[in-house]
Amino acid sequence: MPGESTTIDGFRKGYEEEHRLIGRRSACGFVTATWGLVCPRCGKRDLAEVELSGRGRIAAITVQTVPGDEFVNDAPYAYVLVDLAEGGRISGWIAGTAPGEGPAIGDLVQFVPSYRPGVQFRRGDDRDAGR
Ligand SMILES: [Zn+2]
């Protein structure tokens, strides 16, 4: 729904409750997955909501073997920074990351619509599954 993420709470609600990944795009072409009103590239207050595909590549990764309570059944899991296909970078996590089995920097990932906290990804790409 365009306009729903005009507040930071609406932005968070997008992925945590509506299970969509929302970005913001400026007329200059800049895209961010971080909530904001002013484009950090051109300085205009023209960031408008854009639906993101949720596809991206891992830019950085940290494996967590000692989880917080919310992730106790998912450890070890990977905390990842993802460069999104449309532009922008977002932090998230990937469940069930056994040591030595990746994921690795550069791997394709896909946003997982989920009731879980934070922004969940899985390895691979929806296009792989023929959807
Ligand atoms: Zn701009």
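Everything below is about the structure printed above this text.
Thresholds, definitions, all that
Residues numbered from 1 in each chain as written. Predicted model: local features only at pLDDT ≥ 70, side-chain atom pairs only at ≥ 80, totals over all residues. Helix = DSSP H or I, 4+ residues; strand = E, 2+ residues; numbered from the N terminus. Buried ≥ 20, exposed ≤ 12 C-beta atoms within 10 Å, placed from the backbone. Contact = placed C-beta atoms within 7 Å. Core = buried A, V, L, I, M, F, W, Y, C linked by C-beta atoms within 7 Å. Pairing = 2+ DSSP bridges. Axes fitted to C-alpha atoms, helices over the stretch in contact; angles between N-to-C directions.

Participant: How should I be thinking about the environment of alanine 78 in this particular structure?
Facilitator: Residue position: alanine 78 is located in strand S5 (residues 77–84). We classify alanine 78 as buried; it has 23 C-beta atoms within 10 Å. Each C-alpha atom of the pair alanine 78 and glutamine 64 lies 5.9 Å from the other, and the pair is 14 residues apart in sequence. Setting aside residues up to four positions removed in sequence, alanine 78 forms contacts with Ile61, Val63, Trp93, Ile94, Thr97 and Pro103.

Participant: Even after reading the chapter, I still don't get the nonpolar core, so can you show me in this structure?
Facilitator: Grouped burial of nonpolar side chains is what soluble globular proteins tend to show. Formed by 18 residues in total, the largest nonpolar core has its most connected members in Val80, Val82, Ile94 and Phe121. Within the residue set of this core, elements represented by two or more residues are helix H1 (8–16), S5, strand S6 (89–94) and strand S7 (108–111). In terms of residues, this core owes the most to one element, S5, which gives four residues.

Participant: What is the right way to read the sheet that holds S7 from this model?
Facilitator: Hydrogen bonds between backbone atoms are what pair the strands of a sheet, whose relative direction is either parallel or antiparallel. Read from one edge of the open sheet, five strands run S6-S5-S4-S7-S8, paired in antiparallel fashion. Across the chains shown, the open sheet's two edge strands, defined by having one partner strand only, are S6 and strand S8 (121–123). When strand polarity is set aside, the average angle formed by the axes of neighbouring strands in this sheet is 45°. Here strand S4 (residues 55–64) runs beside S5; their pairing, made up of eight bridges, is antiparallel.

Participant: Sorry, what's going on with unusual backbone geometry here?
Facilitator: Leaving glycine out, the prevailing phi sign among residues is negative, and the prevailing peptide bond configuration is trans. A cis geometry characterises the amide bond from alanine 75 onward to proline 76, with omega recorded as -10°. Examined against the element boundaries, proline 76 turns out to sit in the loop between S4 and S5.

The values are spatial; any link to function lies outside them.
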